Amino acid sequence: MATQLSRRDFRRHFSDYSQGLFIVSEPRFLPKEQAEVNIGKRLSEKLAEAAPEDRMIQVFPCLSEAVEQEKVMIATHVEILFTPSLEQDPVGLLLALCRNRKICIAWPGTMLDGKLFYATPDSPEYYECDPRALQDTYIIID
């Protein structure tokens, strides 16, 4: 089950966690002095080499390779994960990468009533997630 943490508790206890996906509402709440991995750049470079019909199955291996050296990191430019043709569950994908590592992201959409939203319902990129059922997921609240 996802855990909600205040910004203060997040800062105070971040080092106590061994793994997980930490989702904050604004980039200024991300922990300082952590490695940054530009997901958009890394993934687009790798997927450009793949045939269009193979791109959706290449997403996880490409991201795994991009983060393999980092035990604690900030994932930036995650918007590419919402590309409809890739057919991904962005939160599920990021959570799968968290095995034995901590990944922090600034949510690029909105947070409302414990749910995460990206884009509007009429957009092909629309995404909605209720992370409360996900383990090793931490929502940092103001």
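Residues numbered from 1 in each chain as written. Predicted model: local features only at pLDDT ≥ 70, side-chain atom pairs only at ≥ 80, totals over all residues. Heavy atoms only, no water.

Participant: So what's going on with the side chain of R101? Which residues, and what values?
Facilitator: Inspection of the secondary structure assignment puts R101 in the loop between α4 (90-96) and β5 (102-106). Buried within the structure, R101 lacks any salt-bridge partner; its nearest side chain of opposite charge belongs to E68, at an N-O separation of 7.1 Å. In terms of polar contacts, R101 uses its side chain to reach the backbone carbonyl oxygen of V67, at 3.3 Å. (Helix = DSSP H or I, 4+ residues; strand = E, 2+ residues; numbered from the N terminus. Buried < 20%, exposed > 50% of the residue type's maximum accessible area, 1.4 Å probe, protein only. Lys, Arg positive; Asp, Glu negative; His and termini not counted. Salt bridge = Lys/Arg side-chain N within 4 Å of Asp/Glu carboxyl O. Polar contact = N/O pair within 3.5 Å; in protein donor to acceptor, adjacent residues only side chain to side chain.)

Participant: Summarise the packing of helix α2 (residues 39-48) against helix α3 (residues 55-67); cite the residues concerned and give the values.
Facilitator: Interaxial distance between α2 and α3 falls to 9 Å at its minimum, and their mutual angle equals 130 degrees. The pairing of α2 with α3 is recorded here as oblique in orientation. Once α2 is placed against α3, the crossing between them reads as right-handed. Contacts from I39, R42, L43, K46, L47 and A48 in α2 reach R55, Q58, V59, C62, L63, E65 and A66 in α3. (Axes fitted to C-alpha atoms, helices over the stretch in contact; angles between N-to-C directions. Parallel < 35°, antiparallel > 145°, perpendicular 65-115°, else oblique. Left-handed = near helix turned anticlockwise from the far one by under 90°. Contact = heavy atoms within 4.5 Å.)

Participant: Outline the pattern of salt bridges, listing residues and values.
Facilitator: This model, assessed by the stated rule, comprises 5 salt bridges. A salt bridge links E26 to R28, with the shortest nitrogen-to-oxygen separation between them at 2.7 Å. A relative accessible area of 53% places R28 in the exposed class. E65 is the partner of K46 in a salt bridge, and the nearest nitrogen-oxygen pair spans 2.9 Å. Taken together, the residues span a long stretch of sequence, with K46 in helix α2 and E65 in helix α3 at a distance of 19 residues. The class for K46 is partly exposed, based on a relative accessible area of 33%.

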